[in-house]
Number of protein chains: 2
Amino acid sequence: MKVVVIGCSGHYYSFIEALESGLEAEFAGFAKGVDDEVCQGFISAFKEKYGFRVYENYLEMLDEVKPDIAIVNSHFNLNSRITLDAFERGVSCYTEKPVATTLEDLQLLKKGYERSGVHFSAMLEMRYTPAFRAACQAIKSGKVGDVLMITAQKSYKLGQRREFFKKRETFGGTIPWVGIHAIDWIRWLSGREFKSVDARHSTMFNNGHGDLETAAICFFELEGGGFASVNMDYLRPASAKTHGDDRVRVVGSKGIVEVMHGKAVIIDQDGERDLELSETVNPFVDFLHQVESKGKCLVSAEDAFKATEAGLYARQSADEGKRLYFSY
Amino acid sequence: MKVVVIGCSGHYYSFIEALESGLEAEFAGFAKGVDDEVCQGFISAFKEKYGFRVYENYLEMLDEVKPDIAIVNSHFNLNSRITLDAFERGVSCYTEKPVATTLEDLQLLKKGYERSGVHFSAMLEMRYTPAFRAACQAIKSGKVGDVLMITAQKSYKLGQRREFFKKRETFGGTIPWVGIHAIDWIRWLSGREFKSVDARHSTMFNNGHGDLETAAICFFELEGGGFASVNMDYLRPASAKTHGDDRVRVVGSKGIVEVMHGKAVIIDQDGERDLELSETVNPFVDFLHQVESKGKCLVSAEDAFKATEAGLYARQSADEGKRLYFSY
């Protein structure tokens, strides 16, 4: 398998980790999605070790290298165009979420995917963390019965972000960038689609970060009954013990499952206890196995599109201060 | 101070606890708000010890005993009428929340209060629990800066509830009965009023409890910026270690305070740590001191009205499936 990386403003790291763990794949090329210092840092860190060629232009790389897989994680607003260009060349893509930062770009990308016949997944990698997988397993095995309500949280330290985080056009917004993980958990854990969303966000106290929203709440009604909310913030103090404080709580007819602080806890008819954590799986390797026809990866193309779409609808709801209904 | 109790379907227990701790007050009478077995149980448990007279009719009791304070906790839909009757006789009231189960009753009660000149508070007793008081103290002393987002949770075991819980008319709904505590925390901890609400609730999986809602989410926009959500459920399994799982998380410009599992945790510039818990205060005694002009109690008449109003607006939003704007 020939793999190329485009940009380095996202979660390319699963690929590097896989290589370091002995994955048999060729790191065939790296293209700077946007020429910035971070890409120079990437090149310094990995070029000598993996011997990839560096391209200024990703199209040139795609045409020359003809890779099996492109890992797309440039500046967020560029990822959908880059992915679409790869689709058109028959290249499967592992793309940073959100896979588009506007609904128009998302439509183009979906159409391009349908025409292409390639494989596609997004870096919704939190599904792979042991506690979230354990929670999902418990739910799918029926331990909490029918899911009625899900509440989820993302909380990050802000620190000093790069310039492109400060503009809506290049960043996309905190709901589609940060909240999307939690939005994805809702679909994944409930097995239901979104019906409507009411959202609010605010840029207050963003410490000179321009358009970047520091907090948001998204409230979803689900198809087939039930509802869910996601609260997210960039206001986790620098002194906190960990970078993030990610949580989900799933209330069902027969029990409650919750993920918090890296643990998964269930309360059901058998009492209250920690769930056994599932083994760690590398998200990129899971996708690679799908490309190799060895199985289906955990985040399907549909999952990538739906989570992105829901994030963009929620952002629009917050921008416009009104409820939006999903129209798939 | 002469105190009477009307009904026993609520949190009269703070009064009993105060008496058992040596409060100097006369338990002068008990009226069955609604004649049911529970009232007979109350009489059996306490009549001999405290020597109060028992009345079939609370109006007769109010007119004969002329108490300083009435503790009102009959069936939920009756409490506003009973409280209003006490106001009209110049009797201060400590009333179960919600203080009314319809917006019409609430309006009548507010007008009655304004005419009466008596003291009034509601059994929003969770404000008094040590962890919530410690969180409030930290916020009011500026430790988290300006509050931007609050998320709160109420989760209870359902068990088998009495018949009047099964009808909207007599129960009022899970949002005004259970959620009201968390709704009250939002006003209390943010110092802001509600601007709009989007809410959803469901009666699914209520195990034969008729109209009783098993889960709900209320999403509030606050005056002056910021937003908040409350999720609540009656689906906490019987096997859980405690009856309730009450939480609040307050995100501010300089830090985050959270109450969970009876502890209050802060993360601010000085790091992550447990807050020292405040000393326990008896809510009824706090109100009694106000009636005795010894201070102001923690839950003002305005707090009681505003929390009730917000709960009733949220219920209506959930019933009608649309956003409502508050018009004070």
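Bear in mind the structure is a predicted one, so any value in this text is a computation, not a measurement. (Residues numbered from 1 in each chain as written. Chains lettered and ligands numbered in written order. Predicted model: local features only at pLDDT ≥ 70, side-chain atom pairs only at ≥ 80, totals over all residues. Heavy atoms only, no water.)

## Describing the domain arrangement of chain A
Residue and element names in this part refer to chain A.
So, point 1. If you check the domain split of chain A, you get domain 1 (2-118) and domain 2 (127-325).
So, point 2. Of note, the centres of domain 1 and domain 2, computed from C-alpha atoms alone, are 24 Å apart.
So, point 3. Domain 1 puts 31 residues into the contact, and the matching count from domain 2 is 27 residues.
So, point 4. Summed over both sides, the interface between domain 1 and domain 2 buries roughly 2500 Å², with carbon and sulfur atoms accounting for 74% of that surface.
So, point 5. When the area that domain 1 buries against domain 2 is broken down by residue, the three leading residues are F76, K97 and L103, summing to 23%.
So, point 6. K110 is the partner of E309 in a salt bridge, and the nearest nitrogen-oxygen pair spans 3.7 Å.
So, point 7. Along the contact surface separating domain 1 from domain 2 lie 5 residue pairs in polar contact (both at pLDDT 80 or more).
So, point 8. At the level of elements, α1 (13-20), β4 (69-72), β5 (92-95) and α5 (103-116) are the ones that each hand at least two residues to the side of domain 1 that touches domain 2.
So, point 9. If you tally residues by element for the side of domain 1 that touches domain 2, the top one is α5, at 6 residues.
So, point 10. In terms of residue class, the side of domain 1 that touches domain 2 is built from 17 nonpolar, 9 polar and 5 charged. (Domains from an automatic or database assignment. Contact = heavy atoms within 4.5 Å. Buried area = accessible area lost by both parts, 1.4 Å probe. Salt bridge = Lys/Arg side-chain N within 4 Å of Asp/Glu carboxyl O. Polar contact = N/O pair within 3.5 Å; in protein donor to acceptor, adjacent residues only side chain to side chain. Helix = DSSP H or I, 4+ residues; strand = E, 2+ residues; numbered from the N terminus. Nonpolar A, V, L, I, M, F, W, Y, C, P; charged D, E, K, R; others polar.)

## What to know about the packing of helix α3 (residues 58-65) of chain B against helix α4 (residues 79-88) of chain B
Relative placement of two packed helices is described by the angle separating their axes and the distance separating the axes.
Residues and elements named next belong to chain B.
So, point 1. Their axes nearest at 11 Å, the elements α3 and α4 cross at an angle of 25°. The pairing of α3 with α4 is recorded here as roughly parallel in orientation. Judged by the sense of rotation from one axis to the other, the crossing of α3 with α4 is right-handed. Facing Y58, L59 and L62 of α3, the residues of α4 in contact are R81, I82, D85 and A86. (Axes fitted to C-alpha atoms, helices over the stretch in contact; angles between N-to-C directions. Parallel < 35°, antiparallel > 145°, perpendicular 65-115°, else oblique. Left-handed = near helix turned anticlockwise from the far one by under 90°.)

## Overview of the interface of chain A and chain B
You'll often see interface size given as the accessible area lost when the parts meet.
So, point 1. Residue-level contacts link 52 residues of chain A with 52 residues of chain B.
So, point 2. Interface area for chain A against chain B, summed over the two sides, is near 4000 Å², with a carbon-plus-sulfur share of 63%.
So, point 3. Between chain A and chain B we count 8 salt bridges in total.
So, point 4. The closest approach of N and O atoms between R323 of chain A and D198 of chain B, which form a salt bridge, is 3.1 Å.
So, point 5. At the junction of chain A with chain B, the criterion picks out 22 residue pairs in polar contact (both at pLDDT 80 or more).
So, point 6. In terms of residue class, the side of chain A that touches chain B is made up of 21 nonpolar, 16 polar and 15 charged.

## Side note on the sheet that holds β5 of chain A
All names here are of chain A.
So, point 1. Taken together, the 6 strands give an open sheet; going across it, the order is β3-β2-β1-β4-β5-β6, and neighbouring strands pair in parallel fashion. Looking along the sheet, the strands with just one partner apiece sit at the ends: β3 (53-55) and β6 (120-122). Sheet twist, expressed as the mean angle between neighbouring strand axes with direction ignored, is 20°.
So, point 2. Sheet analysis places strand β1 (residues 2-6) next to strand β2 (residues 26-31), joined by 5 bridges and oriented parallel. The residue of β2 that forms the bridge with K2 is E26.
So, point 3. Sitting on the sheet, α1 touches β1, β2 and β4, and the angle it makes with β2 is about 150°. (Pairing = 2+ DSSP bridges.)

## Digging into the pairing of strand β5 (residues 92-95) of chain B
All names here are of chain B.
So, point 1. Side chains S92 and Y94 of β5 all project onto a buried face; the interleaved residues C93 and T95 project onto the opposite face, where all are buried too.
So, point 2. For the segment spanning strand β4 (residues 69-72), α4 and β5, crossover handedness is right-handed.
So, point 3. Taken together, β5, helix α5 (residues 103-116) and strand β6 (residues 120-122) form a β-α-β motif whose crossover is right-handed. (Buried < 20%, exposed > 50% of the residue type's maximum accessible area, 1.4 Å probe, protein only. Right-handed = clockwise from strand over helix to strand, strands pointing away.)

## Considering the relation of the copies chain A and chain B
So, point 1. At an RMSD of 0.0 Å, chain A and chain B line up after a rotation of 180° and a shift of 0.0 Å along the axis. As the rotation angle and translation indicate, the two copies are arranged about a two-fold axis.
So, point 2. Most of the interface of chain A is mirrored in chain B, where 100% of its interface residues are also at the interface. (Least-squares fit on C-alpha atoms with pLDDT ≥ 70 in both.)

## Some details on unusual backbone geometry
Phi is mostly negative for residues that are not glycine, and the peptide bonds are mostly trans.
Residue and element names in this part refer to chain A.
So, point 1. Note the cis peptide between K97 and P98, where omega equals -10°.
So, point 2. Mapped onto the fold, P98 is located in the loop between β5 and α5.
So, point 3. A positive phi angle is found at N207, which is not glycine, with a value near 55°.
So, point 4. Tracing the backbone through its elements, the reader meets N207 in the loop between β8 (194-202) and β9 (215-222).

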